[in-house]
Amino acid sequence: MKHYPRLEDALADGMRLAEAMSLKFASVEFPHGGGKAVIALPTPEIPHGEARRHLLREYGAFVNSLGGLYSAAPDMNTSALDMDVISEVTPFVFCRTEASGGSGDTAPDTAVGVLHGIRAACRFAFDSDDLSMRSILVQGAGGVGGHLIDLLMEADARVIATDVEPGRLNPLREKGIQVVPPDSALSTECDVLAPCAVGGVINARSIPTLRCRVIAGGANNQLERLEDADLLRERGIVYAPDFVINAGGVLHGGGLEEQHWTREVLDARLAGVGDAVYEIVMLADRNGISADAAARRIAIGRIAEANP
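Parameters and conventions
- Residues numbered from 1 in each chain as written.
- Predicted model: local features only at pLDDT ≥ 70, side-chain atom pairs only at ≥ 80, totals over all residues.
- Heavy atoms only, no water.
- Pairing = 2+ DSSP bridges.
- Helix = DSSP H or I, 4+ residues; strand = E, 2+ residues; numbered from the N terminus.
- Buried < 20%, exposed > 50% of the residue type's maximum accessible area, 1.4 Å probe, protein only.
- Contact = heavy atoms within 4.5 Å.
- Polar contact = N/O pair within 3.5 Å; in protein donor to acceptor, adjacent residues only side chain to side chain.
- 1 Å grid on protein atoms, 1.4 Å probe; cavity = no way out; pocket = protein on both sides within 12 Å on 5 of 7 lines; lining within 4 Å.
- Points joined across faces, edges and corners; volume = space filled by probe spheres on them.
- Nonpolar A, V, L, I, M, F, W, Y, C, P; charged D, E, K, R; others polar.
- Phe/Tyr/Trp six-rings, centres within 6.5 Å; stacked < 30°, edge-to-face > 60°.
- Lys NZ or Arg CZ within 6 Å of the ring centre and 35° of its normal.
- Salt bridge = Lys/Arg side-chain N within 4 Å of Asp/Glu carboxyl O.

1. Some thoughts on the sheet that holds strand 6 (residues 192-195)
Sheet strands pair by backbone hydrogen bonding; their relative direction is either parallel or antiparallel. Taken together, the six strands give an open sheet; going across it, the order is 5-4-3-6-7-8, and neighbouring strands pair in parallel fashion. One side of each edge strand has no neighbouring strand; the edge strands of this open sheet are strand 5 (178-179) and strand 8 (238-239). As judged from the four bridges shared by strand 3 (residues 135-139) and strand 6, these two strands associate in the parallel manner. In the strand pairing of strand 6, Val138 is matched with Ala194.

2. Here's the deal with helix 9 (residues 248-257)
Along helix 9, eight of the ten residues are buried, which leaves the element largely enclosed by surrounding structure. Considered for burial, the residues of helix 9 that qualify are Gly248, Gly249, Val250, Leu251, His252, Gly253, Gly254 and Gly255. Its buried side turned inward, helix 9 meets helix 1 (7-27), helix 4 (107-126) and helix 10 (263-287).

3. A short note on the side chain of Thr188
Its location among the elements puts Thr188 in the loop between strand 5 and strand 6. When its relative accessible area of 14% is taken as the criterion, Thr188 is described as buried. A polar contact of 2.8 Å, which involves the side chain of Thr188, links it to the backbone oxygen of Ser184. Excluding residues within four positions of it along the chain, Thr188 makes contact with Leu137, Ile160, Val180 and Arg211.

4. Examining the layout of surface pockets
Here the second largest pocket defines a volume of roughly 230 Å³. Looking at the second largest pocket, it is lined by 17 residues, and the ones nearest its centre are Phe124, Arg233, Ile237, Val238 and Ala284. Mapped by element, the contributors of at least two residues to the lining of the second largest pocket are helix 7 (228-234), strand 8, helix 10 and helix 11 (291-306). Looking at the lining of the second largest pocket residue by residue, the classes come out as ten nonpolar, three polar and four charged.

5. Observations regarding the packing of aromatic side chains
Using the criterion set out here, one finds two aromatic pairs in the structure. Where Phe25 meets Phe30, the ring centres are 5.7 Å apart and the plane angle is 35°; that geometry is what we call tilted. Note on accessibility: Phe25 and Phe30 belong to one class, buried. Among the aromatic residues, those joined into a cluster by ring pairs are Phe25, Phe30 and Trp261. Arg123 extends its terminal NZ or CZ atom over the ring of Tyr278, reaching a point 3.7 Å from the ring centre.

6. Some points on the pattern of salt bridges
Considering all chains together, one arrives at 17 salt bridges under this definition. The salt bridge involving Arg302 is made with Glu29; its shortest N-O contact spans 4.0 Å. One end of the pair, Arg302, is in helix 11; the other, Glu29, is in the loop between helix 1 and strand 2 (40-41), with 273 residues separating them in the sequence. Arg168 is the salt-bridge partner of Glu165, the closest N and O atoms lying 3.9 Å from each other. The exposure class of Arg168 is partly exposed, given its relative accessible area of 35%. Three or more residues joined by partner-sharing salt bridges are found here, namely Glu19, Asp292 and Arg296.

By themselves, these are just geometric observations and shouldn't be taken as functional.
The structure is reproduced here in structure tokens:
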């Protein structure tokens, strides 16, 4: 749910996100194709109250019209509570609140998967997954980013944080976390940059200014263009493809609600996100290709095997 300058922009974003979801499911060997929907707001203001309920119910009616070909789940600017509203008009929705019979918020498990991915990328880049030796800049301290910051602090990493909403930063300062302005975050020196906000931040303009060794974060569509992965490789920056490292959310919703996994099985699958990231960066290194290209090769191969 976000504002787009033009409807064409909303369509383009939805198509890119849908592709990423398909690749995401294949990357973590989950038996689904991927899709995405965007609620294109006419203004930057996020609706609340009855206006929000009306919008979500309209969206739910649209999802219902697809007859189960697509199921909704929370993402940017939506929550488990919103899924409860959508479920009033369609059964095709994941991650309602636990009180409503759903699996609840996906952000904590997405952050766990990202943590495993960061460890794997650091094992490749630094020959150690000990995060107490690393400085990690989290760009975006919202749902996933906020939980990731807590996990990184538990791992004794030196956390640096930024967010476009000042209100999120004061509690971080009180915890002793270094806070940097949003407009200088990408050029701040760190071992690991973890984008956890909007997409497209890794591009031909920002890549020359990066001062990190690893990019591993929870945001969708972090690369503005596919070619940006090659620019990262040329600079020697290890990249954990976003559609792999942020797969914890779909494992949470689909695994608990559809596959009926136990918590122990889900935890093992979240740890597997790290294994998938390490396999990808190793394949990229062996073949002299970008990590994004290696991840796509693996995912598209699995899709082809499933659809002979």
